[in-house]
Amino acid sequence: MKMGELVSAGDRAEIFTYGSGTLVKLFRKEISSRHIQREANNTMTAKAYGLPVPAVKDIIHFNGREGIVMEHIQGPTITNILRKSPHKIKTYAQKFAQVQADLHSISVTDFPSQREFMEKTILNSLGRLGHDTTETILKLFKDLPDADRVCHNDFHQENIIFSKNGPVILDWQEALRGNPIADVVHAVLVQEHPVPAPILKTSSYYFQLHNKYRKLFAKFYLQEYMKLTNTSSGQIRDWLIPVAATRLFTKVSMEEKDWTEKYIRKQLGALAT
Ligand SMILES: Nc1ncnc2c1ncn2[C@@H]1O[C@H](COP(=O)(O)OP(=O)(O)O)[C@@H](O)[C@H]1O
Ligand SMILES: [Mg+2]
């Protein structure tokens, strides 16, 4: 079969249409087979739990690269929708919360342990945060309750497609089994970290406006999630520092790591007073 049109190009992979009703997520050469296999396995496991995810069809090799062939879900992401209709921010932030709350209602046994993942990644931030701060964060983390819910661990606006059959969740590379509040805090941090505006790139006013808009989405989303799941703001607060610390190690940019480090130090300062 031939590669079709380019649908999306990210840091880790390019997505091409591939045959009828299918596309291929073709990973860059430097992404290991083990990671690709894990993403395919996670997606299939999520499907087996009855979650709304694309069906995985095959793994292929193309010009020295590996790709996952999967069902092509038709429809816009939340980013696509809000770019056209920014006034729908509250509606879609609430839908985003609902999709995640539904996901979090599922207990699982198959995904990797969030507890092990978080402990390992917090320890990996030692070089940046120093021994004492890392120890403090590990201690905060160890007091938090474990759980066995499915956590997507990269839940953001572009990983959900609103198809005519309902929302479909993409990109299962990082999925874990654990406490859903960590997944929520992760989504809030992604949304709160300032990013360049998609248009009017040289305007600092527009940059500020764009990022205020993203924060407003996070606020509506979090309010709705807490309401749907009966989660308190104290429960959310407890996870902020440990989850932020895991973002110092994962695939985020150097700029985001610097922002996250400042965020952690500010939160730790607030704890101490
Ligand atoms: N199965 C799919 N059906 C439709 N669009 C998809 C599908 N998989 C990926 N895409 C599109 O490609 C984008 C990037 O795919 P994703 O799996 O999230 O890769 P990345 O790891 O680069 O974030 C998505 O935001 C979506 O727009
Ligand atoms: Mg993605």
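The numbers attached to residues start from 1 for each chain and follow its sequence in the written order. Each chain is given a letter, starting from A, and each ligand a number, starting from 1, according to the order in which they appear as written. Under the rules for a predicted model, residues below a pLDDT of 70 receive no local features and side-chain atom pairs below 80 are neither given nor counted, while totals for whole chains, interfaces and linings still include all residues. Hydrogens are left out, water is left out, and the side-chain values use all remaining heavy atoms of the structure.

- In the nomenclature of an unreviewed UniProt entry, the protein chain is known as Phosphotransferase of Fulvivirga marina.

### Digging into the site of ligand 1
Now for step 1: Every one of the 16 residues lining ligand 1 counts as a neighbour, but Lys-25, Glu-71, Ile-73, Glu-158 and Asn-159 are closest to it.
Now for step 2: Lys-25 is positioned such that a nitrogen or oxygen atom in its side chain is 2.7 Å from an oxygen atom of ligand 1.
Now for step 3: At 2.9 Å from a nitrogen atom of ligand 1 is found a main-chain nitrogen or oxygen belonging to Glu-71.
Now for step 4: Reported accessibility uses the Shrake-Rupley method at a 1.4 Å probe radius. Residues are deemed covered only where the shown protein chains occlude them. Within the complex, the protein chains bury 87% of what would otherwise be the 550 Å² of accessible surface of ligand 1.
Now for step 5: Grouping the amino acids of the shell around ligand 1 by side-chain chemistry returns seven nonpolar, four polar and five charged. When at least one non-hydrogen atom of a residue lies within 4 Å of a molecule or strand, that residue is treated as near it. Distance and chemistry together define a polar contact, namely a pair of N or O atoms within 3.5 Å, with one atom able to donate a hydrogen and the other to accept it when in protein, and with adjacent residues in sequence counting only for side-chain atoms on both sides. Put simply, Ala, Val, Leu, Ile, Met, Phe, Trp, Tyr, Cys and Pro go in the nonpolar bin, Asp, Glu, Lys and Arg in the charged bin, and everything else, Gly too, in the polar bin.

### Topic: the coordination of the magnesium ion (ligand 2)
When four donors bind a metal tetrahedrally, each ideal donor-metal-donor angle is 109.5 degrees, and when six bind octahedrally, the ideal angles are 90 or 180 degrees.
Now for step 1: Each metal's donors comprise the N, O and S atoms found within 2.8 Å of it (within 3.2 Å for Na, K or Ca). Water is not part of the atom list, so some coordination spheres may appear incomplete. The protein atoms that coordinate the magnesium ion (ligand 2) are Asn-159 (OD1) and Asp-171 (OD), at distances spanning 2.2 Å. A residue pair is termed long-range when its members are at least 10 positions apart, and Asn-159 in the loop between strand S6 (149-151) and strand S7 (160-163) and Asp-171 in the loop between strand S8 (166-169) and strand S9 (176-178) qualify at 12 residues. With respect to burial, Asn-159 and Asp-171 carry one shared label: buried. Helix and strand definitions here come from DSSP, where helices need a minimum of 4 consecutive H or I residues and strands a minimum of 2 consecutive E residues; each element is numbered from the N-terminal end. Burial classes: relative accessible area under 20% of the type maximum marks a residue as buried, over 50% as exposed, and values in between as partly exposed (1.4 Å probe, protein chains only).

### Comments concerning the UniProt feature "domain: Aminoglycoside phosphotransferase" (unreviewed entry) in the protein chain
Now for step 1: UniProt positions are given in the numbering used here, feature names are shortened, and annotations may be inferred rather than shown by experiment. The sites that carry the UniProt feature "domain: Aminoglycoside phosphotransferase" (unreviewed entry) are, in the present numbering, residues 22-207.
Now for step 2: The annotated region residues 22-207 carries 45% helix and 18% strand content, and the separation between its end C-alpha atoms amounts to 36 Å.

### Side note on the environment of Ile-161
Now for step 1: Take Ile-161: it is sitting in strand S7.
Now for step 2: Judged by its relative accessible area of 10%, Ile-161 falls in the buried class.
Now for step 3: Taking the C-alpha atoms as reference points, Ile-161 and Asn-80, separated by 81 residues in sequence, lie 9.4 Å from one another.
Now for step 4: Leave out the neighbours within four places in its chain, and Ile-161 touches Ile-73, Gln-74, Gly-75, Pro-76, Thr-77, Gly-166, Pro-167, Val-168 and Leu-170. Contacts are residue-level and defined by heavy atoms, with any inter-residue pair within 4.5 Å sufficient.

### Digging into the nonpolar core
Now for step 1: The nonpolar core is taken to be a set of buried Ala, Val, Leu, Ile, Met, Phe, Trp, Tyr and Cys residues, with the residues joined through side-chain atoms within 4.5 Å. Judged by nonpolar contacts, the single largest core of 56 residues is most densely connected at Trp-172, Tyr-221 and Trp-239.
Now for step 2: An automatic or database domain assignment supplies the start and end points of every domain. Looking at this core, you find at least three residues from each of domain 1 (6-71) and domain 2 (78-272).
Now for step 3: Beyond its immediate chain neighbours, meaning those up to four positions away, Tyr-221 contacts Ala-93, Phe-96, Ala-97, Gln-100, Val-184, Ala-187 and Val-188.
Now for step 4: Judged by nonpolar contacts, the second largest core, of seven residues, contains Phe-16, Tyr-18, Val-24 and Ile-60.

### Topic: the packing of aromatic side chains
Now for step 1: When two rings of Phe, Tyr or Trp (its six-membered ring) have centres within 6.5 Å they constitute a pair, described as stacked for plane angles under 30 degrees, edge-to-face for angles over 60, and tilted for the intermediate range. Under the defined criterion, the tally for this structure stands at seven aromatic pairs.
Now for step 2: Measuring from ring centre to ring centre gives 4.8 Å for Phe-96 and Phe-155, while their planes differ by 45°; the resulting arrangement is tilted. Of this pair, Phe-96 sits in helix H3 (residues 89-104) while Phe-155 sits in the loop between S6 and S7; the two residues are 59 residues apart in sequence, bridging distant segments of the chain.
Now for step 3: Through pairs of rings, three or more aromatic residues link up here, namely Phe-96, Phe-155, Phe-217 and Tyr-221.

### Describing the pattern of salt bridges
Now for step 1: Salt bridges are defined by distance alone: a side-chain nitrogen of Lys or Arg within 4 Å of a carboxyl oxygen of Asp or Glu. Using the criterion set out here, one finds 12 salt bridges in the structure.
Now for step 2: Where Glu-14 meets Arg-65, a salt bridge forms, and the shortest distance between an N and an O atom there is 2.9 Å. Note that Glu-14 is positioned in strand S2 (residues 13-17) and Arg-65 in strand S5 (residues 65-71), a separation of 51 residues in sequence. With respect to class, Glu-14 is no different from Arg-65; both count as buried.
Now for step 3: Glu-261 is paired through a salt bridge with Arg-128; the nearest N and O atoms lie 2.6 Å apart. Taken together, the positions of Glu-261 in helix H10 (residues 254-272) and Arg-128 in helix H5 (residues 126-129) put the pair 133 residues apart, joining distant regions of the chain.
Now for step 4: Judged by its relative accessible area of 27%, Arg-128 falls in the partly exposed class.
Now for step 5: Taken together, the salt bridges that share partners define one network made up of Arg-12, Lys-25, Glu-39 and Asp-171.

### Topic: the pairing of S2
A regular strand carries its side chains on alternate faces of the sheet.
Now for step 1: With respect to burial, S2 is a largely interior element, five of its five residues being buried.
Now for step 2: Alternating residues of S2 divide into Ala-13, Ile-15 and Thr-17 and Glu-14 and Phe-16, and every residue in both groups is buried.
Now for step 3: Two strands form a pair only when DSSP identifies at least two bridges running between them. One ladder, built from three bridges, connects strand S1 (residues 6-9) with S2; its direction is antiparallel. Residue Ser-8 lies in a different strand from S2, and its bridge partner there is Ile-15.
Now for step 4: In this antiparallel pair of consecutive strands, S1 and S2, the connection spans three residues.
Now for step 5: In the sheet, S2 pairs with strand S3 (residues 22-27) via five bridges, with the strands oriented antiparallel. Bridging across to S3, Ala-13 finds its partner in Phe-27.

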